[in-house]
Amino acid sequence: MNPARLAIFISGSGSNAEKIIAHFQNHESIKVALLLSNHAEAYGLQRAARYHIPTLVFNKTQFRESDEIVSVLKAAGVTHLVLAGFLWLIPQNLIEAFPHRIINIHPALLPKFGGRGMYGMRVHEAVKAAGETETGITIHEVNAHYDEGKILFQQKCRVENSDTPGQIAQKVQQLEHRHYPATIERWVATFS
Ligand code: GRF
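Asker: Even after reading the chapter, I still don't get the overall build of the chain, so can you show me in this structure?
Answerer: The helix and strand tally for the chain stands at 7 helices and 7 strands. Written out in order from the N terminus, the α and β elements of the chain read β-α-β-α-β-α-α-β-α-β-α-β-β-α. If you line up the chain on its principal axes, its C-alpha atoms span 50 × 35 × 30 Å. Counting only residues that meet the buried cut, the chain has 47% of its 192 residues in that class. Pairs at least 24 apart in sequence give 67% of the contacts found in the chain among residues at least 6 apart. Summing over all exposed atoms, the chain offers an accessible surface of approximately 9600 Å²; the carbon and sulfur share of this is 50%. Taking the 19 positively charged and 17 negatively charged side chains of the chain as two groups, their mean positions are separated by 4 Å.

Written as structure tokens, this is what we have:
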């Protein structure tokens, strides 16, 4: 079997992307082929470069109004797309080119605290404001709507009364780093 080839999409820090890259560094059947960002200043680009992963920065026109990104991905032999802190909605041409082969991580227990505008600290501030006693992570398939694809994995953590949004963010990030690479590995295995 040919190895699966992942493309990771980021918009910012890329700490999850780095965990994924490190996890698959010497993997027999899964390779990270490419890391793409819609921001030239995204720190994740530097993280990828340290691991010698090719990177690509693209703009909205290339992404939404052409088939350029689909062509780049196909030319690189990409088989699965991994969103890790990527903030743009995925256009229909990409969804059709990679049916059921796009995965995302969300820093809360969907369907709560998801949808347009729910990203980063806003999620943890909303969890705190709602007085939730637990939060967590959701890993899900991507469709044409924010945070609505089939849920593949969830993991919870407690929210204490005294937790600040920043402390909640830290707990959730630990869960993300621990579970996203392994969940991707299991997900990719379901296609073979
Ligand atoms: C994570 O919280 C992820 O759940 C969300 O965006 C954040 C990305 O963080 N989709 P990082 O860029 O991987 O550090």
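Asker: Sorry, what's going on with the packing of aromatic side chains here?
Answerer: Note on aromatic pairs: each is described by the distance of the centres and the angle between the planes. Using the criterion set out here, one finds 10 aromatic pairs in the structure. For the ring pair Phe9 and Phe63, a centre distance of 6.3 Å and an interplane angle of 50 degrees mean the geometry is tilted. With a gap of 54 residues between them, Phe9 in strand 1 (residues 4-10) and Phe63 in helix 3 (residues 60-64) connect regions that are remote in the sequence. An aromatic cluster is present here, built from Phe9, Phe58, Phe63, Phe86 and Trp88 joined pairwise through their rings.

Asker: Would you take a moment to explain the pattern of salt bridges for this structure?
Answerer: Side-chain pairs of opposite charge can arise where the charged atoms are in close proximity. This model, assessed by the stated rule, comprises 5 salt bridges. Note that Glu160 is salt-bridged to Arg158, the shortest N-O span being 3.3 Å. Look at Glu160 and you get partly exposed, because its relative accessible area is 34%.

Asker: It is not clear to me how the sheet that holds strand 4 (residues 80-83) should be interpreted in this structure. Could you clarify?
Answerer: Adjacent strands of a sheet form backbone hydrogen bonds with each other and so pair up, either parallel or antiparallel. Pairing within the open sheet is mixed, and its 7 strands lie in the order 3-2-1-4-5-6-7. Edge positions in the sheet fall to strand 3 (55-57) and strand 7 (151-158), since each of these pairs with one other strand and no more. Put simply, the sheet's adjacent strands are angled 20 degrees from each other on average, direction ignored. Pairing between strand 1 and strand 2 (residues 30-37): 7 bridges, direction parallel. Paired with Ala4 across the strands is Ile30, a residue of strand 2. Strands strand 1, strand 2, strand 3 and strand 4 of the sheet are contacted by helix 4 (residues 68-75), whose axis makes an angle of about 155 degrees with strand 2.

Asker: Would you take a moment to explain the site of the ligand for this structure?
Answerer: Around the ligand, the neighbouring residues are Ser13, Gly14, Ser15, Asn16, Gly85, Ile105, His106, Pro107 and Glu176. In the model, an oxygen atom of the ligand is placed 2.8 Å from a nitrogen or oxygen of the Asn16 main chain. Side-chain polar atom of Glu176 to an oxygen atom of the ligand: 2.3 Å apart, as the coordinates give it. Out of a free accessible area of 360 Å², the ligand has 80% covered by protein chains. Contributing elements (two or more residues each) for the shell around the ligand: helix 1 (15-23) and strand 5 (102-106). Here the residues of the shell around the ligand are counted per class, giving 2 nonpolar, 6 polar and 1 charged.

Analysis parameters
Residues numbered from 1 in each chain as written. Predicted model: local features only at pLDDT ≥ 70, side-chain atom pairs only at ≥ 80, totals over all residues. Heavy atoms only, no water. Helix = DSSP H or I, 4+ residues; strand = E, 2+ residues; numbered from the N terminus. Buried < 20%, exposed > 50% of the residue type's maximum accessible area, 1.4 Å probe, protein only. Contact = heavy atoms within 4.5 Å. Areas by Shrake-Rupley, 256 points an atom, 1.4 Å probe, with all protein chains shown as cover. Lys, Arg positive; Asp, Glu negative; His and termini not counted. Charge placed at Lys NZ, Arg CZ, Asp CG, Glu CD. Phe/Tyr/Trp six-rings, centres within 6.5 Å; stacked < 30°, edge-to-face > 60°. Salt bridge = Lys/Arg side-chain N within 4 Å of Asp/Glu carboxyl O. Pairing = 2+ DSSP bridges. Axes fitted to C-alpha atoms, helices over the stretch in contact; angles between N-to-C directions. Near = heavy atom within 4 Å. Polar contact = N/O pair within 3.5 Å; in protein donor to acceptor, adjacent residues only side chain to side chain. Nonpolar A, V, L, I, M, F, W, Y, C, P; charged D, E, K, R; others polar.

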